[in-house]
Amino acid sequence: MSASTHQTKYSTPLQTDPLVTSYYVRNLEFWYGDFNALTNISLDVMPSAITAFIGPSGCGKSTFLRCMNRMNDLIPDTKVGGDMLLKGADIYSSGVDPVDLRRRVGMIFQQPNPFPQSIYDNVAYGPRLQGVKKKSDLDDIVEDSLKRANLWKEVSGILDKNGLAISGGQQQCLCIARVLAVQPEVLLMDEPCSAIDPTSVQKIEDLMAEIKDEVTIIIVTHNMQQAARVSDYTSFFLQEVAGEPAVLVESGKTSDIFTAPIDKRTEDYITGRFG
Amino acid sequence: MSTNMNKNKNTRSTNATGAGQRKTGMQVMKELKEQHRESGSGLGRAHLNNRIALGVLWGATIITIGLLAVILIYVAYHGLGVVLQDFPRFIFTWPEGVNAEGGIWPTIVATLYSTGLAMAISTPIAVLAAVYLAEYAKQGRIVKTIRFAADSLASVPSIVMGLFGLAFFVETLNIPLSMLAASLGLSLLMLPITMRATEEAIRAVPRYIRWGSYGMGATKWQTVSRVVLPTATPRIITGLILSLARAIGETAVVFLTMGIAINLPIIPTDSGRSMSVHLYLMAVEGINLPSAYGTAFLLLLIILVLNLSARYISKRYSRIDNA
């Protein structure tokens, strides 16, 4: 399917005012070297809500997520086209420092990645980077963040312990606490629950619901039940032919996507016919 | 198994070219299986080959371990008695008289002095170079060339390195034969080893740990200094210890740059005689073989302790890694 014939279907029309959105994406293109990985992606991400990106493996949803905090800048020989606005400001304009952007847009990865340092130092990492030095301030931030990440009760007595010494699910909560400590406006989660146990998954979904009023959350997930459970909006990505760019098939309210999908391919995917 | 596969291939190619009519692979396989069932040979040979391979591998392993054991036992047999006689007289007293009777204390001090100083000189340079190569330099031909140069530097014969040390540090820079000259020479030896070990240690830090830092809005230097280097530190220390062990036993470089006078070094420009040089002189002149064996035993002991601590540190590290 070429870019010219492709048309994304929206159950809710796209906004005209970028300022009511969190992310306002229009005609985004992405290349790894010569390979056009994403084409013609237009999408609104609404603030104080949870948006889920779904689609089969390799459909570009993680690539798109990494465009949103410019993590793709770390990969050599990549290129972005089109517009990606955060709160109305183009994050790819020349004046934007990706380091500064990533302080506003936190990211959680599939593999829990605490630093091999104490639990305390993990959470204090971001505040220290930004110059918080006073012990009492750091203590407060560490406690608050761990509480918001539903981890305080379990680790309050072992803050000196290595962050890698706790369970995988706890490690993921620790990573969330680490990100929350710098008070991001947006939290990007790249399959945060695929490598951890079911009890922890429940905890993470609960905390997502608790913090979404303050932090806009975007989650990439392979798990459609999870998307249906936690998200307010859903976008379905698909790469139909290997070697061709992936496209955004359909985007809208989660309730619409899961009960009345407009596109046949969306329906096939959510009913489990492929992927 | 592998014998069967080879037979299968051979049969197939002769059939295809010789008879003109092409059998399918499955047909060939079926015939072979029948042949084997009649003669019972195929499987028997495979088992025999398996046993032979196991025997050869086992023999090679025994030779390796056996050699090490023989050397250790031989040195300990001749040296242990010397060291234990009036213990710790051999370690803490000076050699006396024309036959260097007595202990080897000044040579132990000179050895630790020069290698310690060499480590202090080479480590910062090696680590910084490794950080640059692993994290900052654009990976390509230049980096590959630097890496190749480091590997080549590591394999330069130490006598050549000693000659260079003598010509450059002593003759050209006018540094006397001393701890300083020897440690400069030794750092040439340690530099590539430490650098490559550090580079490997930095590369072994998982990508997703770096992403965690970048994702928090850390700059490259913040990520390197606060996350990557602390994470790599146990492995870097392991590399340091191994290069230290290499330097402690080094003879040619120190022979040419430190001198041979028995002297207790105080300041870096003091000369002295290292344990390895003492061992060499005692053995080559046949002056005092027991002293040579005692020195050899102590050298092996120091290196063994260094290697064991390197193992301990890397083991402890991997425990944290898997937790």
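Residues numbered from 1 in each chain as written. Chains lettered and ligands numbered in written order. Predicted model: local features only at pLDDT ≥ 70, side-chain atom pairs only at ≥ 80, totals over all residues.

(A) Examining the overall build of chain A more closely. From N to C terminus, chain A includes 10 helices and 11 strands. The C-alpha extent of chain A, read off along each of the three principal axes, is 60 × 40 × 35 Å. In chain A, which comprises 275 residues, the proportion classed as buried is 46%. A sequence separation of at least 24 residues applies to 72% of the contacts in chain A between residues at least 6 apart. (Helix = DSSP H or I, 4+ residues; strand = E, 2+ residues; numbered from the N terminus. Buried ≥ 20, exposed ≤ 12 C-beta atoms within 10 Å, placed from the backbone. Contact = placed C-beta atoms within 7 Å.)

(B) Fine view of the sheet that holds strand E4 (residues 50–54) of chain A. Residue and element names in this part refer to chain A. Pairing is mixed across the open sheet formed by seven strands, whose spatial order is E1-E11-E10-E4-E9-E8-E7. On the outer flanks of this sheet lie strand E1 (9–10) and strand E7 (105–108), each paired with one strand and no other. Where E1 and strand E11 (residues 247–253) come together, two bridges link them in parallel fashion. Counterpart to Lys9 in the pairing with E11 is Glu250. (Pairing = 2+ DSSP bridges.)

(C) Structural view of the packing of helix H6 (residues 168–180) of chain A against helix H7 (residues 198–211) of chain A. Residues and elements named next belong to chain A. Contact pair H6 / H7: the axes reach a minimum separation of 9 Å and the direction vectors enclose 20 degrees. In terms of axis orientation, H6 runs roughly parallel to H7. Pair H6 / H7 crosses with right-handed handedness. For the pair formed by H6 and H7, the contact residues are Gly169, Gln172, Cys173 and Ile176 on the first element and Thr199, Ser200, Lys203, Ile204 and Leu207 on the second. (Axes fitted to C-alpha atoms, helices over the stretch in contact; angles between N-to-C directions. Parallel < 35°, antiparallel > 145°, perpendicular 65-115°, else oblique. Left-handed = near helix turned anticlockwise from the far one by under 90°.)

(D) Structural view of the pairing of E4(A). Residue and element names in this part refer to chain A. Of all the five residues making up E4, five are buried; the element is thus mostly covered by neighbouring parts of the structure. Burial along E4 is two-sided: Ile50, Ala52 and Ile54 facing one way and Thr51 and Phe53 facing the other are all buried. Pairing geometry for E4 and strand E9 (residues 216–220), over four bridges, is parallel. Directly across from Phe53, in E9, lies its bridge partner Val220.

(E) Fine view of the domain arrangement of chain B. Assigned domains within chain B: domain 1 (2–76) and domain 2 (90–322). Placing a centre on the C-alpha atoms of domain 1 of chain B and another on those of domain 2 of chain B gives a separation of 46 Å. (Domains from an automatic or database assignment.)

(F) Structural context of helix H6 (residues 141–154) of chain B. With 14 residues, H6(B) extends 20 Å from end C-alpha to end C-alpha; this agrees with the ideal 20 Å at 1.5 Å per step. Among the 14 residues of H6(B), one are classified as buried, and the element is accordingly described as predominantly exposed. (Expected span 1.5 Å × (residues − 1).)

(G) Highlighting the environment of A:Leu207. Residue and element names in this part refer to chain A. Note on placement: Leu207 falls in helix H7. By the C-beta count within 10 Å, which is 18 here, Leu207 ends up partly exposed. For the pair formed by Leu207 and Arg148, sequence separation is 59 residues and the distance between their alpha carbons is 7.2 Å. Leave out the neighbours within four places in its chain, and Leu207 touches Ala149, Asn150 and Ile176.

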